[in-house]
Amino acid sequence: MTGSNPLGSIAIVGGGISGVVLAIALLDRGLSVNVYEQASRFGEIGAGVAFNPAAARAMKICSQKIHTAFEKVVTKNQGEDKQSIWFDWVDGHNDTEVGKEQYAFSIGNESGANAVHRAHFLDELVKHVPDGTTHFGKHLDTIEELEDGKLKLKFHDGSDATADAVVGCDGIKSKVRAWMMGADHPCTPPVYTHKYAYRGLIPMEKARKELGDDLAQNSKMHMGQDGHVLTFPVNKGATMNVVAFKVDSGQWPSDTKLTLPSEKSHVLKDFRDFGATVHKIIDMLEPNLDCWAIYDLGDHPMPHYNKGRVVVVGDAGHATSPHHGAGAGMCIEDAAVMAELLNDPRVAETGHNGLAAAFQAYSDQRLERTQWLVQSSRRSGDLYEWRAEGVGRDFKKIEEECRERDEKLWNGQVKEYIKEAQTLLGKSLKQ
Ligand SMILES: Cc1cc2nc3c(=O)[nH]c(=O)nc-3n(C[C@H](O)[C@H](O)[C@H](O)COP(=O)(O)OP(=O)(O)OC[C@H]3O[C@@H](n4cnc5c(N)ncnc54)[C@H](O)[C@@H]3O)c2cc1C
């Protein structure tokens with residue numbers, strides 16, 4: 001193998017949260033990494049993303065730099081009494097006056113709502129990716145295995161690169177997944193969950209004026225029939241993040257685009273049966289906004305995440321709907337497990353075989369939890385939208401089930417997953 005590191009060089013395809021976090025974690029461990037990103041620069045959308053306690057623990061394991069970047073931009077609920085609240089769930093469907101929604105229940109954890117503005121978080125993270133590590137404008141088309149054991153990455157612009165291992169962090173439409181499984185495999189195309197979401201950011205001053213401090217400054221889940229609206233503060237409390245989810249009995253209108261431009265008038269129409277508070281929130285949105293199709297990989301989960309020295313991490317392997325607010329957090333857990341496996345001296349000692357064994361151990365350890373998230377997220381969305389079988393609009397039952405699912409997610413012990421993966425690595429190396 002070539003490269004300054006005994007492991008050779010690791011190619012990461014995709015520079016989203018998974019790719020960047022993994023790159024930092026591997027660089028911190030002295031590994032040789034190249035990131036290939038199709039866009040011309042790093043970029044995230046202007047929207048919020050929340051992280052649960054398991055994700056925050058994983059950040060620290062990946063690299064203290066990642067957790068420090070997170071702490072720099074994280075925003076918590078603004079109310080003193082709401083510091084440990086993940087969300088307050090309210091009936092968003094039946095109030096006739098703004099602020100008079102029926103309170104249903106609250107679920108909390110040790111850190112409460114821990115949300116960041118995506119673009120700000122990524123800006124902080126990429127400061128730790130040295131110049132020359134990332135190659136922009138590189139859309140991966142396919143991978144070829146060379147006779148000398150190297151892997152050749154072929155890009156759309158006609159260029160190529162070689163590596164000893166390839167980690168696909170290329171998101172829900174992953175080319176790496178397609179290469180591993182075949183374009184015709186049922187797990188390759190993502191599935192429309194028949195839900196879409198409008199996203200918007202509202203200046204907090206305006207939100208406070210219209211909704212009052214509690215509703216504007218603390219995380220709220222406004223439940224309703226066949227839709228729900230969630231809000232939480234970002235930007236150190238200067239902005240209220242809004243995501244409005246709607247069930248769609250039809251098909252998503254585009255085969256190629258997961259996001260389409262939309263208008264506030266469409267949101268108002270979709271949520272016309274909701275209550276006064278939700279109407280007021282929608283009223284504050286910009287006239288033009290984007291609508292996101294909610295796709296996942298839940299109908300035909302990948303049977304494994306690895307093929308030889310090629311592996312998928314994050315959404316590329318287990319894209320989920322966002323109803324647990326945990327897809328990005330799961331990417332960070334993945335990165336922590338992967339980084340510790342690749343840093344295991346047994347991997348460096350055994351070269352290419354070691355890399356393949358590490359990816360096998362990664363897949364074996366991550367499969368169950370990540371795929372549980374995809375299914376649990378679907379169910380959680382249905383719970384908030386009074387569509388869950390046997391539950392409906394029974395707030396007590398919704399609370400019980402949400403609490404059980406959230407706690408399972410938040411109690412995730414990444415250190416334990418790493419230990420398990422290391423044991424699996426030992427077994428995999430013996431095969
Ligand atoms: C509405 C919504 C709300 C959400 N809220 C939350 C939340 O609150 N908390 C949470 O934890 N998660 C949330 N998520 C999920 C979270 O956004 C994703 O899990 C996470 O961003 C996935 O990161 P990723 O890096 O794996 O993939 P992506 O973000 O999709 O990044 C993939 C990268 O790969 C690049 N790429 C793609 N194809 C190629 C190619 N062929 N060659 C080279 N580069 C390529 C892309 O340009 C991109 O930069 C939400 C998702 C949605 C849709």
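In this text, all values refer to a predicted model and were calculated from it rather than measured experimentally.

Definitions and limits used
- Residues numbered from 1 in each chain as written.
- Predicted model: local features only at pLDDT ≥ 70, side-chain atom pairs only at ≥ 80, totals over all residues.
- Heavy atoms only, no water.
- Helix = DSSP H or I, 4+ residues; strand = E, 2+ residues; numbered from the N terminus.
- Polar contact = N/O pair within 3.5 Å; in protein donor to acceptor, adjacent residues only side chain to side chain.
- Near = heavy atom within 4 Å.
- Areas by Shrake-Rupley, 256 points an atom, 1.4 Å probe, with all protein chains shown as cover.
- Nonpolar A, V, L, I, M, F, W, Y, C, P; charged D, E, K, R; others polar.
- Axes fitted to C-alpha atoms, helices over the stretch in contact; angles between N-to-C directions.
- Parallel < 35°, antiparallel > 145°, perpendicular 65-115°, else oblique.
- Contact = heavy atoms within 4.5 Å.
- Patch = residues over 30% accessible without salt bridge, like charges linked within 9 Å, V, L, I, M, F, W, Y side chains within 5 Å.
- Salt bridge = Lys/Arg side-chain N within 4 Å of Asp/Glu carboxyl O.
- Lys, Arg positive; Asp, Glu negative; His and termini not counted.
- Charge placed at Lys NZ, Arg CZ, Asp CG, Glu CD.
- Buried < 20%, exposed > 50% of the residue type's maximum accessible area, 1.4 Å probe, protein only.
- Domains from an automatic or database assignment.
- Buried area = accessible area lost by both parts, 1.4 Å probe.

1. Notes on the environment of Lys138
Thinking step 1. Examined against the element boundaries, Lys138 turns out to sit in the loop between strand E7 (134–136) and strand E8 (140–145).
Thinking step 2. Considering only alpha carbons, one finds Lys138 and Gln38, 100 residues apart in sequence, at a separation of 4.4 Å.
Thinking step 3. In terms of polar contacts, Lys138 uses its side chain to reach the side chain of Asp157, at 2.7 Å.

2. Description of the site of the ligand
Thinking step 1. Looking at the ligand, there are 29 residues lining it, with Ser18, Glu37, Arg118, Asp315 and Ala328 nearest.
Thinking step 2. Between the ligand and Ala50 there is a distance of 2.8 Å, counted from a nitrogen atom to a backbone nitrogen or oxygen.
Thinking step 3. One of the backbone nitrogen or oxygen atoms of Gly329 is found 3.0 Å away from an oxygen atom of the ligand.
Thinking step 4. Contact with the protein chains removes 85% of the 1000 Å² of surface that the ligand exposes when unbound.
Thinking step 5. Mapped onto the shell around the ligand, the elements with two or more residues apiece are helix H1 (17–28), strand E2 (32–37), strand E3 (48–50) and helix H11 (327–342).
Thinking step 6. Looking at the shell around the ligand, the element that brings in the most residues is H11, giving four residues.
Thinking step 7. Residue classes in the shell around the ligand are distributed as 11 nonpolar, 11 polar and seven charged.

3. Topic: the packing of helix H2 (residues 53–62) against helix H14 (residues 414–430)
Thinking step 1. Relative to each other, H2 and H14 sit at 60°, their axes nearing to 9 Å. Considering their axes alone, H2 and H14 lie oblique with respect to each other. Listed contacts from H14 to Ala54, Ala58 and Ile61 of H2 are Val414, Lys415 and Ile418.
Thinking step 2. Of the residues belonging to the contact of H2 with H14, the class tally is five nonpolar, no polar and one charged.

4. Quick notes on a negative patch on the surface
Thinking step 1. On the surface, a cluster of negative charge is made up of Asp394, Glu400, Glu404 and Glu407.
Thinking step 2. Considering the arrangement of structural elements, one finds Glu404 in helix H13 (residues 395–410).
Thinking step 3. Here Glu404 falls in the exposed class, since its relative accessible area comes to 61%.

5. Concerning unusual backbone geometry
Thinking step 1. The backbone of His194 sits at a positive phi, close to 60°, despite the residue not being glycine.
Thinking step 2. Position of His194 relative to the elements: it lies in strand E12 (residues 191–203).
Thinking step 3. For His194, a relative accessible area of 28% puts it in the partly exposed group.
Thinking step 4. The backbone of Trp386 sits at a positive phi, close to 55°, despite the residue not being glycine.
Thinking step 5. The residue Trp386 is located in the loop between helix H12 (345–384) and H13 in this model.
Thinking step 6. With relative accessibility at 7%, the residue Trp386 sits in the buried group.

6. Some thoughts on the domain arrangement of the protein chain
Thinking step 1. Per the domain assignment, the segments making up the protein chain are domain 1 (9–73 + 116–190 + 302–384 + 395–430) and domain 2 (80–112 + 191–296).
Thinking step 2. Placing a centre on the C-alpha atoms of domain 1 and another on those of domain 2 gives a separation of 28 Å.
Thinking step 3. In this complex, domain 1 contributes 40 residues to the contact, which on the side of domain 2 involves 35 residues.
Thinking step 4. Across the domain 1 to domain 2 interface the summed buried area is about 3000 Å²; carbon plus sulfur atoms make up 63%.
Thinking step 5. In terms of surface lost to domain 2, no three residues of domain 1 exceed Tyr384, Phe395 and Trp410, which account for 23% of the buried area on that side.
Thinking step 6. Between domain 1 and domain 2 we count three salt bridges in total.
Thinking step 7. Residue Arg57 is joined to Glu110 by a salt bridge in which the shortest nitrogen-to-oxygen separation is 3.3 Å.
Thinking step 8. Taken together, domain 1 and domain 2 are joined by eight residue pairs in polar contact (both at pLDDT 80 or more).
Thinking step 9. Per-element accounting of the side of domain 1 that touches domain 2 gives the leading share, seven residues, to H13.
Thinking step 10. A per-class count over the side of domain 1 that touches domain 2 returns 19 nonpolar, 11 polar and 10 charged.

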